[in-house]
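Each chain, written out:
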Amino acid sequence: MDSQTAVAPHSSPAPSTAGRLKPDSLGVLGILFFVLSAQAPLTGIAGAVPIAVVIGNGAGVPAAYLAAGVVILLFSIGFVAMGRHVVDAGAFYTYIGKGLGRSAGSGSAGVALFAYCAIQAAMYGLYGATVSGLVEHHAGVSIAWWVWALVTMVVVQVLGAAGIEMGAKVLAVFVLAEFSILIAFAFVTFFKGGGPEGLGLADSFSPDAALQGAPGVALMFAVASMFGFEATAIYGEEAREPRRTVPRATYLSVAVVTGFFAFTSWMLVSAHGASRATAEAGKALEGGDAAGWVFAPIAAEFGAWTGDVLPVLLATSLFAGVLAFHNSANRYLFSLGREGLLPRGLTALNGRHSPWAAGLVQTVIAAALVLPFALLGKDPVLTLFSWFSGVAVLAMMLLYFLTSVSVVVFFRRSRADTRPWNTLIAPVLGALGIAGAIWLIIENFTTLIGGDRTTAVWLQLTVPAVLVLGLVVARLTRGARTVTD
């Protein structure tokens, strides 16, 4: 079943100019690299884990990543079941529209696009600051962070237009580089028997360890680190045998991401020693170098040369992330144009079947989100990165919840799949877990963005505002082809 299944029986067929993305372009590993790039593994480990250790549950952080993985896995079961019946680059909003109706689907389309563009803009902030610091350190040349961000937007646009296969190859190189050093460190530490206090299995995974301190805060950061795995469905149209490739890629992505974050964070805690990990992470944060808590034990294990390599890998990790989210967002724009929710011009494809027009619009959106922070002289890490990454996670969690509910409604009504575990039990459990995560994110949003309460409230309000905007757009384009049930 192709993307046409997302259209209601009474809808008019898409015009021939709408175009289709290039089929049979990606296998399981190709999709996996896009997902892992969106995760930005080194960024997630170096940026989130030290903070989660300090203000979360200390040495029990690895258990939080494991718990987050279970919630996401439960969500994935229903997500995959829906994907067998609906293949469309719009993924989330198409799924939600099939179960909860045209209005809910259209409103969620705006939320999905907002989430992907916001997280990409956030990454541009951290990326620009990282590259600016690297160039100044190694070349003695001071160039503003926003210059690097804008130059990279051009590079990302070119790579995005070059075709999905080119993007997958570029991302594979960067992902393998950052994954290799982190996994190598984790396994070396594991086989050496851990750090000064041993492996500390009970110190990180026992119920007492998992529930110490503020486990909810740690779980919030863990869930945020999972952002991007759902991209497996976005590439369904371009996958080889999507009904087999997408489910495999989804489950493999969840397993790899969960295992990676839980195992690597455990070995980092072990390397410091469970009794000292929190205090040392606190010192790193106070010194303004949270990544040092991660980089120091790796340097101690492999040598001082990693001190020069790891910051570079952090930059390439962020570059891989912005490219991955560029590809996700432009496929959303393409799909929205094809459905009639946005101008049809967004469906224009180049000779490589890449949505170049949608990609160009996405690049303009990225620039529009980043430039105000540059013009106002805001810190790209403390404002752009922190604010937009927080609001993007909240928006994405809302989409996860609506998708889980939609899966239950869709299969109860259509009976297209009568397996109770896949279409009812797992989605309901996933929805409950995600609802809990949303509550934790809202409750601790000021901590998540590293800002003040007023800023946190305004940022949170952008999510329902975008949802309402999507509903308004749907009403204005009611006569056009839209997602529906």
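Please refer to the structure placed before this passage.
In short, a report on the structure. (Residues numbered from 1 in each chain as written. Predicted model: local features only at pLDDT ≥ 70, side-chain atom pairs only at ≥ 80, totals over all residues. Heavy atoms only, no water.)

For the structure on display, the rule yields two cavities of 30 Å³ or more. Forming the walls of the second largest cavity are E197, G198, L199, G200, D203, V269, S270, G273 and A274. Here the lining of the second largest cavity is composed, by residue class, of three nonpolar, four polar and two charged. (1 Å grid on protein atoms, 1.4 Å probe; cavity = no way out; pocket = protein on both sides within 12 Å on 5 of 7 lines; lining within 4 Å. Points joined across faces, edges and corners; volume = space filled by probe spheres on them. Nonpolar A, V, L, I, M, F, W, Y, C, P; charged D, E, K, R; others polar.)

In this section: the nonpolar core. Membership of the largest hydrophobic core comes to 134 residues, with the highest contact counts inside it found for F92, F227, W293, M397, Y400 and F445. Here this core gets 17 residues from one element, more than from any other, and that element is helix 5 (residues 102-139). Filtering out sequence-adjacent residues up to four positions away, W293 remains in contact with V49, P50, V53, L268, V269, H272, A277, E280, A281 and A284. (Core = buried A, V, L, I, M, F, W, Y, C linked by side-chain atoms within 4.5 Å. Buried < 20%, exposed > 50% of the residue type's maximum accessible area, 1.4 Å probe, protein only. Helix = DSSP H or I, 4+ residues; strand = E, 2+ residues; numbered from the N terminus. Contact = heavy atoms within 4.5 Å.)

In this structure, the largest pocket spans a volume of roughly 1,300 Å³. Considering the residues around the largest pocket, the lining is formed by 44 residues, among which G47, I51, L126, V381 and F385 are closest to the centre. It is helix 5 that contributes the most residues to the lining of the largest pocket, nine residues altogether. Partitioning the lining of the largest pocket into residue classes produces 26 nonpolar, 16 polar and two charged. The calculated volume of the second largest pocket comes to roughly 360 Å³. Elements with a minimum of two residues in the lining of the second largest pocket: helix 5, helix 15 (306-339), helix 16 (356-375) and helix 20 (453-476). For the lining of the second largest pocket, the leading source of residues is helix 5, giving six residues. Tallied by class, residues from the lining of the second largest pocket come to 16 nonpolar, three polar and no charged.

Under the defined criterion, the tally for this structure stands at two salt bridges. We note a salt bridge from K192 to E301, for which the minimum N-O separation is 3.1 Å. Of this pair, K192 sits in the loop between helix 7 (164-191) and helix 8 (201-205) while E301 is found in helix 14 (residues 292-302), placing the two residues 109 residues apart along the sequence. (Salt bridge = Lys/Arg side-chain N within 4 Å of Asp/Glu carboxyl O.)

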